[in-house]
Amino acid sequence: MEVINQNEYNIVPNGHDCTIYKTQNNECVITQYKVFKGIKLLYYDVNSPNCPINLCSSTSEIISINHCREGRFEFEYCSGEFMYISSGDLCIQKNSSDIKHICCPLGHYKGVSIVIDLCRVPKCLSCIMEDVKVSPAELCKKFCSGSPYTVMRENDSIKHIFSELYSVPEEIKIGYFKVKVLELLLFLSAIRTEEKERRKHYSLSQVKLAKQAKKYLLENIDRHVTIEELANTLFVSKTSLKNCFKGVYGETIYGFIKNYKMEHSALLLKKTNKSVLEIAGEVGYENSSKYSSAFKKLMGLTPNEYRKQIVCLEQQADL
């Protein structure tokens, strides 16, 4: 059961039941734990548009239960359609030759997946715990018949299960993972099918339009680009442009570019000695006062406070 393209990673064994996979530049780190026979738990920390995983080409029959904590995942299907999951989504995905490609359109993704090999896992998990009468094959049939995936928005129960998976003390990890995986599978076996969501698909032309819009925005980050200008440049209506962009990136055009400008300028504050006024100009603000106000609203600190905090943290790390 391999869902990781191992040729693209440096493999770091980290104990009997844990393996860490890192790309050469550490932009994609996957920590994998063996929980039960045929069941693995994977943590994703991706800071790149690309994430070399193998849901589309695994030779085993698998289902993966994916929880997105941060960022966004793009599934491209051979039909030319695209489907997205974002922060708070739970996606139950069957490996399928229908999936052509997977990537992270926002350039980052954090989440966790439980991957079940239906050929190796016990037919019913009551052999592990008597009252956990869960059939992985039945779960696959319940959530992936008629469509290779099911998406659900996070509710209190899902949030509770996964929030605890993101903060597990090292000394109890493997045992705790076993308890939480059984809890999740038992929860899914009891969930009502009407809670499933048919996520909207987007066509290749819609996705290309959204990505062209993003490219134009980033090429002109030093000035204010209106939606009207963007629509005229790409020869589409403003409504089509706004709908496609939000479908692919999960937020409005203005929200996306404002957040990007603040995150990009935060990187400049951290990595360069440029003045706040210079950085404000690079991200399209005419004066440092308006830029500082926008930066503080999103980041919680003024640019100068943020830079001082970074310097202080670096000095502490050197001690």
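Conventions used here
- Residues numbered from 1 in each chain as written.
- Predicted model: local features only at pLDDT ≥ 70, side-chain atom pairs only at ≥ 80, totals over all residues.
- Heavy atoms only, no water.
- Helix = DSSP H or I, 4+ residues; strand = E, 2+ residues; numbered from the N terminus.
- Buried < 20%, exposed > 50% of the residue type's maximum accessible area, 1.4 Å probe, protein only.
- Contact = heavy atoms within 4.5 Å.
- Areas by Shrake-Rupley, 256 points an atom, 1.4 Å probe, with all protein chains shown as cover.
- Lys, Arg positive; Asp, Glu negative; His and termini not counted.
- Charge placed at Lys NZ, Arg CZ, Asp CG, Glu CD.
- Salt bridge = Lys/Arg side-chain N within 4 Å of Asp/Glu carboxyl O.
- Expected span 1.5 Å × (residues − 1).
- Pairing = 2+ DSSP bridges.
- Axes fitted to C-alpha atoms, helices over the stretch in contact; angles between N-to-C directions.
- Parallel < 35°, antiparallel > 145°, perpendicular 65-115°, else oblique.
- Left-handed = near helix turned anticlockwise from the far one by under 90°.
- Nonpolar A, V, L, I, M, F, W, Y, C, P; charged D, E, K, R; others polar.
- Phe/Tyr/Trp six-rings, centres within 6.5 Å; stacked < 30°, edge-to-face > 60°.
- Lys NZ or Arg CZ within 6 Å of the ring centre and 35° of its normal.

Let's talk about the overall build of the protein
- When its secondary structure is counted, the protein shows 10 helices and 11 strands.
- Taking the principal axes of the C-alpha coordinates as reference, the protein spans close to 65 × 55 × 40 Å.
- In the protein, buried positions account for 47% of the 319 residues.
- Relative to all contacts within the protein whose residues are 6 or more apart in sequence, the contacts with residues 24 or more apart total 64%.
- When the accessible surface of the protein is split by element, carbon and sulfur atoms take 49% of a total near 16400 Å².
- Across the protein, 42 positive and 37 negative side-chain charges occur, with their mean positions spaced 2 Å apart.

Some points on the pattern of salt bridges
- Tallying each qualifying case throughout the model produces 11 salt bridges.
- R153 serves as the salt-bridge partner of D89, at 2.7 Å between the closest nitrogen and oxygen. Placement of the pair is D89 in strand β7 (residues 89-94) and R153 in strand β10 (residues 149-153), with a sequence separation of 64 residues.
- For D89, a relative accessible area of 0% gives the class buried.

Details of helix α3 (residues 173-190)
- Given a rise of 1.5 Å per residue, 18 residues ought to cover 26 Å, and the 26 Å separating the end C-alpha atoms of α3 matches this to within 8%.
- For α3, the complete set of buried residues consists of K173, F177, K180, V181, L182, L184, L185, F187 and L188.

A few points about the environment of E286
- Among the structural elements, E286 can be located in the loop between α8 (276-282) and α9 (288-299).
- Residue class for E286 comes out exposed when judged on its relative accessible area of 77%.
- Separated by 163 residues in sequence, E286 and K123 place their C-alpha atoms 64 Å apart.

Re the pairing of strand β5 (residues 62-77)
- The buried fraction of β5 amounts to 14 of the 16 residues, a majority that puts the element mostly inside the structure.
- Sheet topology note: the β5/strand β9 (residues 109-117) ladder contains nine bridges and is antiparallel. When the bridges of β9 are listed, H67 appears paired with V112.
- Bridge analysis of β5 against β7 gives five bridges, and the strand direction is antiparallel. Counterpart to I63 in the pairing with β7 is K94.
- Relative to strand β6 (residues 81-86), β5 runs antiparallel, the two being bridged by five bridges. Pairing of F75 across the sheet is with M83, part of β6.
- Hairpin connection from β5 to β6: three residues lie between these consecutive antiparallel strands, with G80 at a positive phi of about 95°.

Here's the deal with the packing of helix α1 (residues 136-144) against α3
- The contact between α1 and α3 brings their axes to 10 Å, and the two run at 50°. Classified by the angle their axes make, α1 and α3 are oblique. With respect to the hand of their crossing, α1 and α3 are arranged in left-handed fashion. Contact residues: α1 offers L139, K142 and F143, while α3 offers L185, L188, S189 and A190.
- Looking at the contact of α1 with α3 residue by residue, the classes come out as five nonpolar, one polar and one charged.

Considering the pairing of strand β2 (residues 18-22)
- Within β2, four of the five residues are buried, leaving the element largely enclosed by the surrounding structure.
- Hairpin connection, strand β1 (residues 10-13) to β2: the antiparallel pair is bridged by four residues, and G15 has positive phi, about 110°.
- Relative to strand β3 (residues 28-36), β2 runs antiparallel, the two sharing five bridges. Paired with K22 across the strands is V29, a residue of β3.
- Two successive antiparallel strands, β2 and β3, enclose a turn made up of five residues, where N26 displays a positive phi of approximately 65°.

Things to note about the environment of N259
- Inspection of the secondary structure puts N259 in helix α7 (residues 253-271).
- Relative accessible area serves as the criterion here: at 24%, N259 is assigned to the partly exposed category.
- Taking C-alpha positions, N259 is 7.6 Å from L298, a pair spaced 39 residues apart along the chain.
- With sequence-adjacent residues up to four places away left out, N259 is seen in contact with E251 and L298.

Observations concerning the packing of aromatic side chains
- Going through the model one piece at a time under the given rule, you end up with 17 aromatic pairs.
- Between F245 and Y249, the aromatic rings sit 4.8 Å apart at their centres with planes inclined by 45°, giving tilted as the arrangement. Taken together, the residues F245 and Y249, both in helix α6 (residues 238-249) and four residues apart, mark about one turn of the helix.
- Looking at F245, the relative accessible area reads 0%, which means it is buried.
- An aromatic cluster is built from Y33, Y43, Y166 and F177, whose rings are joined through pairwise contacts.
- Just above the ring of Y166 sits the side chain of R69; from NZ or CZ to the centre is 4.3 Å.

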